[in-house]
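Summary of the model geometry
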Amino acid sequence: MTKLWRSGPPLAVLADDNGAPQSFEWHGDVHHTNTICNSWRVHSDWWKSSIIWRDYYKIETTDGVLCIIYHDLVTDAWHLAQIYD
Amino acid sequence: MIEYVELHCHTNYSLLDGASHPEELLDRALELGMNALAITDHAGLYGAVRFWRAATERGIRPIIGTELTIDEGYHLVLLARNMRGYTSLCHLISHAQLRGSKGHPALDKEILAEHTEGLICLSGCAQGEISTHLLAGNRERALTAGRYYVDIFGPDDFYIELQRHRLREDHELNEECVELAQELGARCVATNDVHYAHREGYMLQDVLACIKHRTTLDESANLRRPNSEYYLKSAEEMSSLFADYPEALANARRIADRCRVDLDLTKYRLPTFPVPPGETPFSYLYALCQQGIRRKYHPVTPAASHQLAHELGVIERAGLAEYFLLVWDIVRYAKERSIPAQGRGSAANSLVAYVLDITKVDPIRHNLLFERFLSEAARTMPDIDVDFSASHREEVLQYVYQKYGKEHTAMVCNVVTFRARSAVRDVGKALGFPLGLLDQIAKSLDTRRATEVGAVLSTIESFAHQTTYLPWQQLTDLCRQIDRFPRHLSIHVGGMLVTGPPLIDIVPLERATMPGRVVSQYNKDDIEDLGLIKIDLLSLRTLSMIHDAMQLIEEKRGIKLDLEAIPLDDPEVYSMLCRADTIGTFQVESRAQAQNLPRMRPRCLEDIIVEIALIRPGPLQGNMVNPYMLRRQGREPVTYMHPLTRPATEETLGVIVFQEQVMRVAMDVAGFTPGEADQLRRAISRHRSHHEMKRIQNRFISGALGNGLNEQLAQDIYSKLEGFASYGFCKSHAAAFAKTAYDSCYLKIHYPEEFYCALLNNQPMGFYRPSVIVSDAKRHGVELLPVHINQSRDECTLEQGRLRVGLRYVHGLGERGRVRIETERAHGPFSGLRDFCRRTRLARKVVEHLIMVGAMACWEVPRRELLWELGQLRYSEEMDLAPPAENVDLPPLSHAERVGLEYGLLGLAIGDHIMSLYRYRLDALGVRSSTTLSTCSDGDRVLVAGRVIVRQAPPTAKGFVFITLEDEDGLINLVVRPGIYACYRRTLRSALLLMVEGKVQRADGVLNVIVERASDLV
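Bear in mind the structure is a predicted one, so any value in this text is a computation, not a measurement. (Residues numbered from 1 in each chain as written. Chains lettered and ligands numbered in written order. Predicted model: local features only at pLDDT ≥ 70, side-chain atom pairs only at ≥ 80, totals over all residues. Heavy atoms only, no water.)

This part takes up the overall build of chain B. Helix and strand counts for chain B stand at 44 helices and 21 strands. Relative to a compact globule of 1018 residues, whose C-alpha radius of gyration would be 31 Å, chain B shows 33 Å and is just as compact. Principal axes of the C-alpha set define a box for chain B whose edges measure 95 × 85 × 65 Å. Scored against the burial criterion, the 1018 residues of chain B give a buried share of 58%. (Helix = DSSP H or I, 4+ residues; strand = E, 2+ residues; numbered from the N terminus. Rg over C-alpha atoms; globule rule 2.2 N^0.38 Å. Buried < 20%, exposed > 50% of the residue type's maximum accessible area, 1.4 Å probe, protein only.)

Written as structure tokens, this is what we have:
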């Protein structure tokens, strides 16, 4: 089962110099990035009051969790978008 | 140091798919330290010349290219390495454009193979053939496609594009592209598929996508790009993005270094003109001029023959004999067919044009400057406009197409851009505004500039409080950005390109909407910049009108009028002009003209020339008109800025009025050569770049200093020149128009019936609607006869000096209906309603209109009874319902009803003016008519009323609005100050019949009412 959020729950993330996430905290656990499978950027909805400007990262963690997190470039906050079970 | 050049770049000339002007991209490139930039708009070179010019001015090397769509919809980018490559581009673009249906150009891959010389090919964006196949997982097909391109272009001239817009598929796609390139033995190049100069441009880009696909932002997710990465990126950004492919990055620089195109097409510009055996084009021209000069001058004066020799010398050295022969031949053809034709524009400056009968203006008599027309030093091309009567222009165009062949002739295009209203409608729709609201906003805009939408809206009560909301701010901001963006192409009104080599070698072509017509992708400014020549073959309704009037005069009075032989000093013409009694005439008819004529009081043709140059539609600078007028009226002394300006401006009392004077002043004060003076004029009137203007200004100042002027005076004179040069009128142009204006006045005075008849038959034209012309005709003693079912023709005609209104004025009748009536009538007049309906089978509604305008009065049955009778007639295609057949007593139409019907269904009042219906009540209220108004004095308070026939808010009038009212006796001019306009905006904008209270302003024979209060009469 996949959990999917449009504006997902916030995460505390440690990113490297290029902005790529190295680790993140979720439900008390810290997960480390093993591979960044893909990354992409979205910039849209500027005509609405809530602009979407995000860098998405599809990550496989060292403990085998596959998920998508994103960096909101407007608020500088990180969020979880999708977790694959 | 990392260097990068962007090779895949769209300007806003990728119509509705590019969100920056060429200059904006170039300015950004300059900021980024780039010394070269490519332009690759879709299927065309529309912006290439402008880009090339702007790039050269900034010291950036322009790389000329395009992005074409191949069959099956794949994109491909082509860049020209040299002029051969440029020719290949023209061929390929033209093929793609002429082959597909209009608006969907598509190139056949086999044609591509035939025109690869001089080109470098890039594989395109994700929509390129190779990328498309790779994304679909078809490696084999991608390989096959790649092999084809490598084969036809060679491994040195075909590159696979790598792009990184932070899309999901980027990483994998690029890896596969690199692998493929290796297998093919081809190289890769990094590009950014740029669509705007700065990141913020992505918003406008999204809006353009919506406009293109006629949808809204909310509904267009799959039509918009997913992010804002398509801006012109710096070398640092690109090298960080392509850190893993440094070769691809370096190749962008390498490709750029191989591309060098100079768009100077001067040597291609003229077709060969067939001349008699033993002659060269020049010798033939020479002979024709010698014959011509003897016809025009009796005797041939030394001044004339000296001037002719001088001009012919310049023409010979400039190699332009064929150009003059080309135009001479076209005018000759027209004259042989009695098609009215006259040349104007800077061409009218030349004696050669005059003796060849191309123009009617004697340049010696009117002291015109040849160098305004043709200067040897400058690369400027001569510019001859020829006006033909509107009804015959097409015939002339066909002659040119046939004589020079379709391969060598094309029309010049015109780029239609976003202005205030179209911007509001299109941008607003994309943003999701309700269409009704957009319509309201658009209609309430007084400005043409989309940049001013925000400012204007904040002054309108109903919108002002909305402007703090985000959607409104976005609307006004995007309108500001989209101002003057290319929207679509149309054909320039008369510009025709005729070239030496086949057009397709030097100019990209496409289809026009009119079948069989081919249009070049370059507009008139581009043509000029390229050194090519166009002739403007224009149509002037006035010439048709004059032609028709003369035919009527011959028919009705047996007089064969020769307008070239009429005296130019007819006192009745001048007194008519002084009274501003000029409705229906040419160039001196408008409201602004009518305001100025009584002040100007023209007494000779030269005065008319100045009048036309001073008062024109377009920018009217308050302080441009006034000094001349003040001096003419003796209110201001005639002074000269400096003695050196005197020779140029003496004829106009020290004020610069004509463009030729700008040039003369530059020559006399700053020692400019004629060529340089022409460059000055051109630079200012075409709004050249800041750099170029500065350069010219410095040249002027130093030249003036050299002649002993001090710096301040030199600067003052230069600013005056700058001011005048951008909208000063060309004297020769004004002179040509003055003659036509005189002719039209002459006809109006001496042959009024024929004049008004021809005028009504050539509508729409001129400043006023037919209703105003008809009222004017009545005031001039012309009797009008109503539409008559048995007498009226399609057009208006004269019956014993009385003007019979034609069938074409009946609303809803249409051409087919008119033809049917005339055809049937040939078998005998219509004897009654039944007879008419049976024979013509016109729709019920149309017959109703004819009845209601009194066209069937000849049967002496009241209109209501006829309508009743019509109602009883069965039309076979209608339902079978039998109305009651008993006789009914119907009241006759009232006077008011009849007047109303005339306005409503004819658009004119043959009978009484609508104001006559109100006159009784208006008199009781003390409201003045135009006649009694004329007896008032300056400062009197008055009430006036009338039908609104003109409403103007000129952009330079600083918010003032001018309205003209019409009543039974004449016209009333109103002036509305901005404050008053704001109070009564709605009434003043929409009322058809207006009543105002105000103060009389009377000066120099001109009477205006300054409005203080306004109300709708209805």
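Counting residues at the interface gives 13 residues for chain A and 19 residues for chain B. For the chain A and chain B pair, buried surface summed over both sides reaches about 1,500 Å², with 52% attributable to carbon and sulfur atoms. For the chain A face of the interface with chain B, the top three residues by lost area are A:Arg41, A:Trp46 and A:Trp47, together amounting to 56%. Between the two partners, chain A and chain B, sit 2 salt bridges. Among the ionic pairs, B:Glu229 bridges to A:Arg41, the shortest N-O distance being 2.6 Å. (Contact = heavy atoms within 4.5 Å. Buried area = accessible area lost by both parts, 1.4 Å probe. Salt bridge = Lys/Arg side-chain N within 4 Å of Asp/Glu carboxyl O.)

As a further point, take the sheet that holds strand 14 (residues 784-785) of chain B. One open sheet holds the 3 strands; their spatial order is 14-16-15 (chain B), and the pairing between them is mixed. Both outer strands of the open sheet, strand 14 and strand 15 (797-799) of chain B, are each paired with one neighbouring strand and no more. (Pairing = 2+ DSSP bridges.)

Residue and element names in this part refer to chain B. By size, the foremost hydrophobic cluster in this structure holds 97 residues, and its most contacted members are Leu 833, Phe 836, Leu 850 and Met 856. For this core, the element with the most residues is helix 33 (residues 731-750), which contributes 10 residues. Ignoring anything within four residues of it in the chain, the contact list for Phe 836 reads Ile 789, Ile 821, Phe 830, Arg 841, Leu 842, Val 847, Leu 850, Met 856 and Trp 859. (Core = buried A, V, L, I, M, F, W, Y, C linked by side-chain atoms within 4.5 Å.)

This part takes up the packing of helix 34 (residues 752-760) of chain B against helix 35 (residues 770-779) of chain B. Residue and element names in this part refer to chain B. Viewed as axis vectors pointing N to C, helix 34 and helix 35 meet at an angle of 170°, and their least axial separation amounts to 11 Å. Classified by the interaxial angle, the pair formed by helix 34 and helix 35 is roughly antiparallel. In this structure, helix 34 uses Tyr 756, Leu 759 and Leu 760 to contact helix 35, whose residues at the interface are Pro 770, Ile 773, Val 774, Asp 776 and Ala 777. Within the contact of helix 34 with helix 35, the residues separate by chemical class into 7 nonpolar, no polar and 1 charged. (Axes fitted to C-alpha atoms, helices over the stretch in contact; angles between N-to-C directions. Parallel < 35°, antiparallel > 145°, perpendicular 65-115°, else oblique. Nonpolar A, V, L, I, M, F, W, Y, C, P; charged D, E, K, R; others polar.)

Moving on, we get to the pairing of strand 20 (residues 993-1003) of chain B. Residues and elements named next belong to chain B. As defined by bridge partners, strand 17 (residues 941-952) adjoins strand 20 across 7 bridges and the pair is classed as antiparallel. Paired with Arg 941 across the bridge in strand 20 is Lys 999. Here strand 20 hands over to strand 21 (residues 1006-1016) after 2 residues, with Asp 1004 in that stretch at a positive phi of 50°.

The next subject is the sheet that holds strand 2 (residues 61-70) of chain B. Residue and element names in this part refer to chain B. Pairing is mixed in the open sheet, where 6 strands are placed in the order 1-2-3-4-5-6. Sheet topology places strand 1 (36-42) and strand 6 (187-190) at the edges, where each strand pairs with a single neighbour. The mean inter-strand angle of the sheet, taken between neighbouring strand axes irrespective of direction, is 35°. Here strand 4 (residues 119-122) pairs with strand 5 (residues 158-162) via 2 bridges, running parallel. Considered in strand 5, the bridge of Cys 121 is made with Phe 158. Sitting on the sheet, helix 3 (residues 83-99) touches strand 2, strand 3 (74-80) and strand 4, and the angle it makes with strand 2 is about 30°.

Attention shifts here to the side chain of B:Ser771. Note that B:Ser771 resides in helix 35. Among residues more than four places away in sequence, those in contact with B:Ser771 are B:Gly907, B:Leu908, B:Arg947 and B:Glu966.

Let's shift gears to the pairing of strand 7 (residues 78-84) of chain A. All names here are of chain A. Burial runs high along strand 7: 6 of the 7 residues are buried. In the sheet, strand 2 (residues 10-15) pairs with strand 7 via 2 bridges, with the strands oriented antiparallel. Its bridge partner lying in strand 7, Leu 11 is registered against Trp 78. By the bridge criterion, 6 bridges tie strand 6 (residues 66-72) to strand 7 in an arrangement that is antiparallel. If you follow Ile 69 over to strand 7, its bridge partner there is Leu 80. What sits between the antiparallel neighbours strand 6 and strand 7 is a turn of 5 residues, in which Asp 76 has the positive phi angle 65°.

Let us look at unusual backbone geometry. For residues other than glycine, phi is negative in most cases, and the peptide bonds are mostly trans. Cis geometry is found at the peptide bond from B:His298 to B:Pro299, where omega equals 5°. Relative to the elements of secondary structure, B:Pro299 occurs in the loop between helix 11 (281-296) and helix 12 (302-318). Backbone geometry places A:Asp45, a non-glycine residue, at a positive phi of 60°. You can see A:Asp45 is positioned in the loop between strand 4 (29-44) and strand 5 (52-61). Phi is positive for B:Glu72, which is not a glycine, with a value near 80°. Mapped onto the secondary structure, B:Glu72 falls in the loop between strand 2 and strand 3. Taking relative accessible area as the criterion, B:Glu72 reaches 67% and is therefore assigned exposed.

All names here are of chain B. Note that His 392 resides in the loop between strand 8 (385-389) and helix 16 (393-404). Residue His 392 is classed as buried on the basis of its relative accessible area of 18%. Along the primary structure His 392 and Ser 539 are separated by 147 residues, whereas in three dimensions their C-alpha atoms are 8.1 Å apart. With residues near it in sequence (within four places) discarded, His 392 still touches Ile 339, Pro 340 and His 547.

Throughout the structure, instances matching the rule amount to 74 salt bridges over all chains. Across the salt bridge formed by B:Asp156 and B:Arg187, the nearest N and O atoms sit 2.9 Å from each other. Of this pair, B:Asp156 sits in the loop between helix 6 (139-153) and strand 5 while B:Arg187 sits in strand 6, placing them 31 residues apart in sequence. Where salt bridges share partners, they join A:Arg41, A:Asp55, B:Arg166, B:Arg199, B:Glu229 and B:Lys233 into one cluster.

Before going further, it helps to spend a moment on the side chain of B:Asp206. As for its position among the elements, B:Asp206 is in helix 8 (residues 201-212). In contact with B:Asp206, not counting residues within four places along its chain, are A:Trp46, B:Leu217, B:Arg224 and B:Arg225.

Next up on the list: the state of the cysteines. Two cysteines joined by a covalent bond between their sulfur atoms form a disulfide. Residue and element names in this part refer to chain B. Per the stated rule, a full pass over the model turns up 0 disulfides over all chains. There is no disulfide at Cys 210, and the cysteine sulfur nearest it, in Cys 479, is 14 Å away. A relative accessible area of 1% means that Cys 210 is categorised as buried. Counting only cysteine sulfurs, Cys 578 is the nearest neighbor of Cys 745, a cysteine outside any disulfide, at a range of 11 Å. Note on Cys 745: relative accessible area 1%, which makes it buried. (Disulfide = S-S within 2.5 Å.)

To continue, consider helix 39 (residues 863-872) of chain B. Residue and element names in this part refer to chain B. Among the residues of helix 39, Arg 863, Leu 866 and Leu 870 are the ones counted as buried. Seen from one end, helix 39 has its buried residues packed into an arc of 55°, which puts them on one side. Contacts made by the buried residues of helix 39 are with helix 37 (833-840), helix 38 (844-852) and helix 40 (895-906). (Arc of directions from axis to C-beta.)

What follows covers the confidence of the model for chain B. When pLDDT is averaged across chain B, the result is 88; 95% of the residues are at 70 or more. Overall fold confidence (pTM) sits at 0.77, and the ipTM for the predicted complex is 0.92. (pLDDT = per-residue confidence, 0-100.)

This brings us to helix 17 (residues 420-431) of chain B. Within an α-helix, residues lying three or four positions from one another point in the same direction, as the helix has 3.6 residues per turn. All names here are of chain B. With 12 residues, helix 17 extends 16 Å from end C-alpha to end C-alpha; this agrees with the ideal 16 Å at 1.5 Å per step. Among the 12 residues that make up helix 17, 9 are buried, leaving the element largely enclosed by the rest of the structure. Of all the residues in helix 17, the buried ones are Ala 420, Ser 422, Ala 423, Val 424, Asp 426, Val 427, Gly 428, Ala 430 and Leu 431. For helix 17, the secondary structure elements touched by its buried residues are helix 8, strand 9 (409-417), helix 18 (435-443), helix 19 (453-457), helix 21 (470-482) and strand 10 (486-498). Directly after helix 17, the chain includes Gly 432, whose backbone phi takes a positive value near 95°. (Expected span 1.5 Å × (residues − 1).)

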